[in-house]
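Architecture at a glance
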Amino acid sequence: CMLESLTLQEKLELQALLSERIRRDNQRKWLTYYPDNGPLRRELYPKHMQCFADGAQYQQRLFMAANRVGKTEGVGAYEVALHLTGNYPAWWKGRRFDRKTKGWAAGDTRQTVRDILVEKLLGPKNARGTGMIPGESIARIVPMPGVPDGVELVEVRSKHGGNSRLSFKSFDQGRLSFQGTEQDFVWLDEEPPADIYEECLTRTATTRGLILLTFTPLSGLSDVVLMFLPGGDIHEQQDEKSSRSVILATWDDVPHLDERAKEMLFASYMPFQRDARTKGIPALGSGAIYPVPESDIVIPDFALPNHWPRAYGMDVGWNRTAAIWGAFDRETSTSYLYSQHYRGEAEPVVHAEAVKSRGKWIPGAIDPASRGRSQSDGHQLLEMYQSMGLDLTPANNAVESGIYDVWTLLSAGKLKVFASCADWISEYRMYRRDDKGRVVKKNDHLMDASRYLIGTGRDIARCKPKPADEEESFASGGWMC
């Protein structure tokens, strides 16, 4: 009724005002993120909030997340836009700059930077200003030479005066392109090569600048990931000494993915990438020796039946001596790894006592290299351990066939590991081949012990003796099943 009473001129003016309002709303995208109320209110994004807040204390942050949780737009692009404009929301607990800034945004290639980072921050090529950086704040856009519709630099008006500057870079440009001036912040939206990450550290060192990494760990436990997760121990952590923070985000940490979307996405992913794409857990990678998802083999601890035969595999050395215990369910042909010993720089007697504490009656298969002479006193380690009461047999150390035997059990669902075997799980994540197909002989002691257990331990395994006959069982060789 009101519209009918308007003159043509008034209707045209109203239409112009509505169009301007839509234009301004489209150019202020960041204002729609993390509202106080509603189905997408910020309290439902605790991992995103934690990542932002950690920026106030830690210079290096890794937001290692599943696909589709908003790591690129909702974390990286959002924070970069705030640092460039200086327009921080009232609820912001992260780092604040009280001056104009300069920074980098980088990804894999110049093309992916154009298609992802530039579009998230500036909007599509035909609608610049509709990305996370408010259109009214964009002062100048410099094209990227040799990349159609690419952007090399954007200048953004800062509320503190002057223009902030953001340069777009890509890893395929190489380390040298990351040399240069100091930066206030660096956003790496995919996992960078180690040498490029080191350059980024150098550019932010004297400014106490920020480095924010946002990616899904499809390359496994790479050098950069291991900087944040020492030893492959995958959990959220904050380290004041290195000024590093790790935040993990899964599909369950965001409200915008419904169950139907999760089911469709899950079904479309390769099995060995599902943990990475849905939980942000580093993928096994193309060089993984055992490309079986961790979620398929790790199970909660449970009480083992006494009639299951048991044995252990043992890998010895001064830097690290490791043993893994297994129990074998003959009815289902399933092997269970249920206990571990993992210690370095200790005398044989220390390891022997640790082994015996798990059951003196359990036989073991030991690294055949133990038959060589130790550097400590010239005695043979095998004889030394046997003299300390361990029932040991030299293991079959055919590496490739042993790996194949373990892989066969893993892939068939016939080898499970208790969740309490944390060091075994960490080694499993890092057990891989190099680019020439050779086994990387690093952090593999429990993996070797597992080969000994599967290759030899199953043949010598013994059931737990009956309490009344325990002493007799040792004299006669134990209760065989």
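Residues numbered from 1 in each chain as written. Predicted model: local features only at pLDDT ≥ 70, side-chain atom pairs only at ≥ 80, totals over all residues. Heavy atoms only, no water.

1. A look at the pattern of salt bridges
Applying the stated rule across the entire model yields 26 salt bridges. Across the pair E73 and K29 runs a salt bridge whose closest N-O atoms are separated by 3.1 Å. With E73 in helix α3 (residues 71–85) and K29 in the loop between α1 (8–26) and α2 (46–54), the pair connects residues that are 44 residues apart, well separated along the chain. The partly exposed category is assigned to K29, whose relative accessible area is 26%. (Salt bridge = Lys/Arg side-chain N within 4 Å of Asp/Glu carboxyl O. Helix = DSSP H or I, 4+ residues; strand = E, 2+ residues; numbered from the N terminus. Buried < 20%, exposed > 50% of the residue type's maximum accessible area, 1.4 Å probe, protein only.)

2. Here we look at unusual backbone geometry
Trans peptide bonds make up the majority, and among non-glycine residues the majority have a negative phi. Phi is positive for Y34, which is not a glycine, with a value near 55 degrees. As for its placement among the helices and strands, Y34 is situated in the loop between α1 and α2. By relative accessible area, Y34 is classed as buried at 6%. We note that S333 has phi near 60 degrees; this positive angle belongs to a residue other than glycine. Along the polypeptide, S333 turns up in the loop between β12 (321–329) and β13 (334–343).

3. Digging into the packing of helix α12 (residues 399–411) against helix α14 (residues 445–460)
In contact at an axis separation of 9 Å, α12 and α14 are set at 85 degrees when each is read in the N-to-C sense. The angle between the axes of α12 and α14 places the two elements in the roughly perpendicular class. Contacts from V399, G402, I403, D405, V406 and L409 in α12 reach S450, R451, I454 and R458 in α14. Considering only residue class, the contact of α12 with α14 consists of five nonpolar, two polar and three charged. (Axes fitted to C-alpha atoms, helices over the stretch in contact; angles between N-to-C directions. Parallel < 35°, antiparallel > 145°, perpendicular 65-115°, else oblique. Contact = heavy atoms within 4.5 Å. Nonpolar A, V, L, I, M, F, W, Y, C, P; charged D, E, K, R; others polar.)

4. Some remarks on the side chain of S164
Tracing the backbone shows S164 in strand β5 (residues 163–170). Of note is the side chain of S164, whose polar atom sits 2.7 Å from the backbone oxygen of L84. Not counting residues within four places of it along the chain, the set of residues in contact with S164 comprises H83, L84, K100, T101, V154, E155, V156 and S158. (Polar contact = N/O pair within 3.5 Å; in protein donor to acceptor, adjacent residues only side chain to side chain.)

5. Brief notes about the packing of aromatic side chains
For the structure on display, the rule yields 25 aromatic pairs. Geometrically, the ring pair formed by Y34 and Y78 is edge-to-face, given 5.2 Å between the ring centres and 85 degrees between the ring planes. With a gap of 44 residues between them, Y34 in the loop between α1 and α2 and Y78 in helix α3 connect regions that are remote in the sequence. Grouping residues by exposure puts Y34 and Y78 together as buried. Between F52 and Y78, the aromatic rings sit 5.7 Å apart at their centres with planes inclined by 35 degrees, giving tilted as the arrangement. Placement of F52 in helix α2 and of Y78 in helix α3 is noted, with a sequence separation of 26 residues between them. Neither residue differs from the other here; F52 and Y78 are each classed as buried. A network of ring pairs unites the aromatic residues Y33, Y34, Y45, F52, Y78, Y88, W91 and W92 as a single cluster. In this structure, R310 packs its charged tip against the face of Y338, placed 5.5 Å from the ring centre. Lying across the ring of W325, R358 places its NZ or CZ 4.6 Å from the centre. (Phe/Tyr/Trp six-rings, centres within 6.5 Å; stacked < 30°, edge-to-face > 60°. Lys NZ or Arg CZ within 6 Å of the ring centre and 35° of its normal.)

6. Digging into the nonpolar core
Counting residues in hydrophobic clusters, the biggest one holds 50 residues, and the most contacted among them are Y290, Y312, Y385 and W424. For W424, the contacting residues outside a window of four places in its chain are I297, I324, L337, Q340, V417, L446, M447 and S450. With 46 residues, the next largest nonpolar core counts A65, V80, L84 and W251 among its residues. (Core = buried A, V, L, I, M, F, W, Y, C linked by side-chain atoms within 4.5 Å.)

7. Some thoughts on the pairing of strand β11 (residues 310–315)
For β11, a buried count of six out of six residues is recorded, marking the element as mostly surrounded by other parts of the structure. Side-chain alternation along β11 places R310, Y312 and M314 on one buried face and A311, G313 and D315 on a second face that is also buried. In this sheet, β12 lies alongside β11 in antiparallel orientation, the contact comprising six bridges. Its bridge partner lying in β12, Y312 is registered against W325. The loop that links β11 with its antiparallel partner β12 comprises five residues. Note that β11 and strand β14 (residues 364–366) share three bridges and pair parallel. Residue pairing in the sheet places Y312 in a bridge with G364 of β14. (Pairing = 2+ DSSP bridges.)

8. A closer look at the state of the cysteines
The full count for this structure, using the stated rule, is zero disulfides. C200 supplies the cysteine sulfur nearest to C51, a cysteine that is in no disulfide, at a spacing of 16 Å. When its relative accessible area of 0% is taken as the criterion, C51 is described as buried. With relative accessibility at 0%, the residue C200 sits in the buried group. (Disulfide = S-S within 2.5 Å.)

9. What about the confidence of the model for the protein?
Here the protein averages 89 in pLDDT, while 93% of its residues score no lower than 70. Under a pLDDT of 50 for its full length, residues 374–379 has, in the predicted model, six contacts with residues more than four places off or in other chains. Confidence drops under pLDDT 50 across residues 470–480; counting only partners more than four residues distant or on other chains, this segment forms 16 contacts. (pLDDT = per-residue confidence, 0-100.)

10. Some thoughts on the sheet that holds strand β10 (residues 298–299)
Either a parallel or an antiparallel arrangement is found when strands of a sheet pair, and the pairing is made through backbone hydrogen bonds. In spatial order, the strands read β10-β16-β13-β12-β11-β14-β15; together these seven strands make up an open sheet with mixed pairing. What marks the edges here is a single partner per strand, and that holds for β10 and β15 (392–394). In terms of strand pairing, β12 meets β13 through nine bridges, oriented antiparallel. Bridged to D329 within β13 is T334.

11. Concerning helix α10 (residues 348–356)
Among all positions in α10, only P348, H351, A352, A354, V355 and K356 are buried. Contact partners of the buried residues in α10: β11, β12, β13 and α11 (381–387).

12. Some points on the packing of α2 against α3
Two elements in contact, α2 and α3, have axes separated by 10 Å at closest approach and are oriented at 35 degrees. As for the relative orientation of α2 and α3, their crossing is right-handed in sense. Contacts from H48, C51 and F52 in α2 reach G74, V75, Y78 and E79 in α3. Per-class residue counts for the contact of α2 with α3 are four nonpolar, two polar and one charged. (Left-handed = near helix turned anticlockwise from the far one by under 90°.)

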